[in-house]
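# Structural characterization, general
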Amino acid sequence: MSTSFKSLLKRKNLAHLPRDPSGDASAGARRATFVLLEHFSLMAFTGAVDALVTANLVTREPLTDVRTLSLGGEVVVSDLGIAISVDGELAELEMRRDDLLILCGGLRVHLDESPALRAPLVAAQRAGVTLGALWNGAYFLADAGLLDDHECAIHPDSRALMIERFPRVKVSRHSHVLDGQRISCAGANSSLNMMLGWLRHNYDAIIVDSVEEILSCDKSHELLGASVLSVDSDPTLPQPLKLALELMHSNIEEPLSLDEVARWAGLSRRQLERLFSRHVDASPSRYYLELRLTRARQLLQQTNRPIAEIAVASGFVSITHFRHCFRKFFHVAPGRFRRRHYAK
């Protein structure tokens with residue numbers, strides 16, 4: 001996937017680059033099916049789905065086709081009492097190799113033998129489908145004999161039952177586990193990380209980094225307007241580089257010269273360039289430009305300010321130069337970019 005962004009900010013802007021209009025958008029998509037069990041955890045379900053849907057937004061073509069099923073095709077009530085309609089019933093699912101099938105459990109999901117689940121799960125395994133489970137959904141995979149000699153994560157309330165009932169299953173203390181064609185998580189907060197791990201195993205790292213940048217932006221105590229998660233959350237990052245980044249973030253409308261940034265950060269110009277090359281994947285000047293264009297993109301999407309004002313607010317003294325740079329990075333003129341955003 002090509003992008004004109006070079007620094008870590010490409011992760012933040014990947015979802016806003018133009019998509020390939022040619023061909024069938026879903027032709028190469030892998031099917032991801034979620035089986036909703038009565039009283040399933042809505043938060044665990046949405047965390048997993050959010051990762052897949054966001055990944056579709058940052059790629060030129062969708063990676064997954066997300067569907068929901070229930071045992072009988074009826075509406076399912078979640079743990080929050082919210083009724084969720086589904087796309088069909090599990091028994092009618094046509095299994096395809098490399099599909100993803102995930103059982104959505106929850107605190108009040110009744111754990112017992114379920115022949116209605118067992119048969120299609122075994123058929124899915126034979127077809128080469130990757131099987132997953134949220135919360136205590138792993139119980140039903142184990143009941144079908146599909147977790148023997150596999151490691152799995154499950155909610156702590158269900159660990160004792162799993163260990164006693166299924167001695168061949170390796171019950172993990174980790175919040176989520178990826179074990180070949182078996183993936184599982186223990187609760188609502190770990191479903192996102194489980195799905196990010198699955199995406200990272202199957203697709204380019206830049207896609208997963210972009211998804212994580214969008215969905216995990218609030219893990220830190222402070223939110224920057226154009227944060228770069230891997231930099232913001234890295235405690236080992238040299239303090240002078242952190243200071244240089246903060247100076248750039250705080251001086252977008254009236255950019256500092258690189259000599260000023262280096263001086264305030266207590267560095268020489270050459271030291272500054274080496275730190276940026278090592279940790280930010282771009283020169284200081286390139287990162288500063290991409291930071292300002294990211295701010296311009298945000299203002300185009302979230303405000304109705306004139307483009308000339310946005311150019312000035314992003315540190316460009318010439319609207320012609322701003323238009324040229326924006327088109328180079330986003331492959332579309334600022335005005336058309338805004339119209340396309342509002343048309344979605």
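Residues numbered from 1 in each chain as written. Predicted model: local features only at pLDDT ≥ 70, side-chain atom pairs only at ≥ 80, totals over all residues. Heavy atoms only, no water.

Turning our attention to the sheet that holds strand 2 (residues 64-70). Pairing in this open sheet of seven strands is mixed, and the strands run 5-2-1-6-7-11-10 from one edge to the other. In this open sheet, the two edge strands, each paired with only one partner strand, are strand 5 (88-89) and strand 10 (176-179). Taken together, the three bridges between strand 7 (residues 130-134) and strand 11 (residues 182-185) define a ladder with parallel strand orientation. What sits directly across from L131, in strand 11, is R182. (Pairing = 2+ DSSP bridges. Helix = DSSP H or I, 4+ residues; strand = E, 2+ residues; numbered from the N terminus.)

Turning next to the side chain of R297. Here R297 shows up in helix 12 (residues 284-302). Among buried charged residues, R297 stands out as having no salt bridge; its nearest opposite-charge side chain is E213, 8.1 Å away. Those residues in contact with R297 that lie beyond four places of it in its chain are K12, N13, H16, F326, F330 and F337. (Buried < 20%, exposed > 50% of the residue type's maximum accessible area, 1.4 Å probe, protein only. Lys, Arg positive; Asp, Glu negative; His and termini not counted. Salt bridge = Lys/Arg side-chain N within 4 Å of Asp/Glu carboxyl O. Contact = heavy atoms within 4.5 Å.)

Attention now goes to the packing of helix 6 (residues 191-202) against helix 7 (residues 205-215). Pairs of packed helices are described in terms of their axes, by the angle between the two and the distance that separates them. Helix 7 packs onto helix 6 with a crossing angle of 160° between their chain directions and a minimal axis gap of 9 Å. Here helix 7 runs roughly antiparallel to helix 6, going by the angle between their axes. At the point where helix 6 passes helix 7, the crossing takes the right-handed sense. Contacts from L192, L196, L199 and R200 of helix 6 reach helix 7 at A205, V208, D209, V211, E212 and L215. Partitioned by chemical class, the residues of the contact of helix 6 with helix 7 number seven nonpolar, no polar and three charged. (Axes fitted to C-alpha atoms, helices over the stretch in contact; angles between N-to-C directions. Parallel < 35°, antiparallel > 145°, perpendicular 65-115°, else oblique. Left-handed = near helix turned anticlockwise from the far one by under 90°. Nonpolar A, V, L, I, M, F, W, Y, C, P; charged D, E, K, R; others polar.)

Next up on the list: unusual backbone geometry. Phi at H39 is positive, roughly 75°, even though this residue is not glycine. Counting through the fold element by element, H39 comes out in the loop between strand 1 (30-36) and helix 2 (42-57). The backbone of D98 shows a phi angle near 75°, a positive value even though the residue is not glycine. When you line up the elements, D98 lands in the loop between strand 5 and strand 6 (100-104).

Our focus in this paragraph is the confidence of the model for the chain. Model confidence for the chain is summarised by a mean pLDDT of 89, while 91% of its residues fall at 70 or above. When mean pLDDT is compared element by element in the chain, strand 11 scores highest at 98, while helix 8 (residues 229-232) scores lowest at 54. (pLDDT = per-residue confidence, 0-100.)

Looking now at the pattern of salt bridges. Taken as a whole, this structure holds 13 salt bridges when the rule is applied. Notably, a salt bridge pairs D143 with R118, separated by 2.9 Å at the nearest N-O pair. Of this pair, D143 sits in helix 4 (residues 138-143) while R118 sits in helix 3 (residues 115-126), and the two are 25 residues apart along the sequence. You can call R118 partly exposed: its relative accessible area is 27%. R168 is the salt-bridge partner of D149, the closest N and O atoms lying 2.5 Å from each other.

Its twelve residues place the ends of helix 9 (residues 239-250) 16 Å apart at the C-alpha level, agreeing with the 16 Å of an ideal helix rising 1.5 Å per residue. Among all positions in helix 9, only L241, A244, L245, L247, M248 and H249 are buried. (Expected span 1.5 Å × (residues − 1).)

Turning our eyes to something else, we now look at the state of the cysteines. Evaluated as defined, the whole model comprises zero disulfides. Left without a disulfide partner, C152 is nearest to the cysteine sulfur of C185, which lies 11 Å away. The class of C152 is buried, set by a relative accessible area of 0%. (Disulfide = S-S within 2.5 Å.)

Glancing now at the side chain of S190. Assignment of secondary structure puts S190 in the loop between strand 11 and helix 6. Given the relative accessible area of 6%, S190 is considered buried. Non-local contacts of S190, meaning those with residues more than four positions away in its chain, are made with S175, H176 and C185.

Turning our eyes to something else, we now look at the nonpolar core. Buried together is how nonpolar side chains tend to be arranged in soluble globular proteins. Ranked by size, the top nonpolar core spans 57 residues in total, and within it F34, L36, M195, L293, F322 and F330 carry the most contacts. Of all the elements, helix 2 adds the most residues to this core, at eight residues. (Core = buried A, V, L, I, M, F, W, Y, C linked by side-chain atoms within 4.5 Å.)

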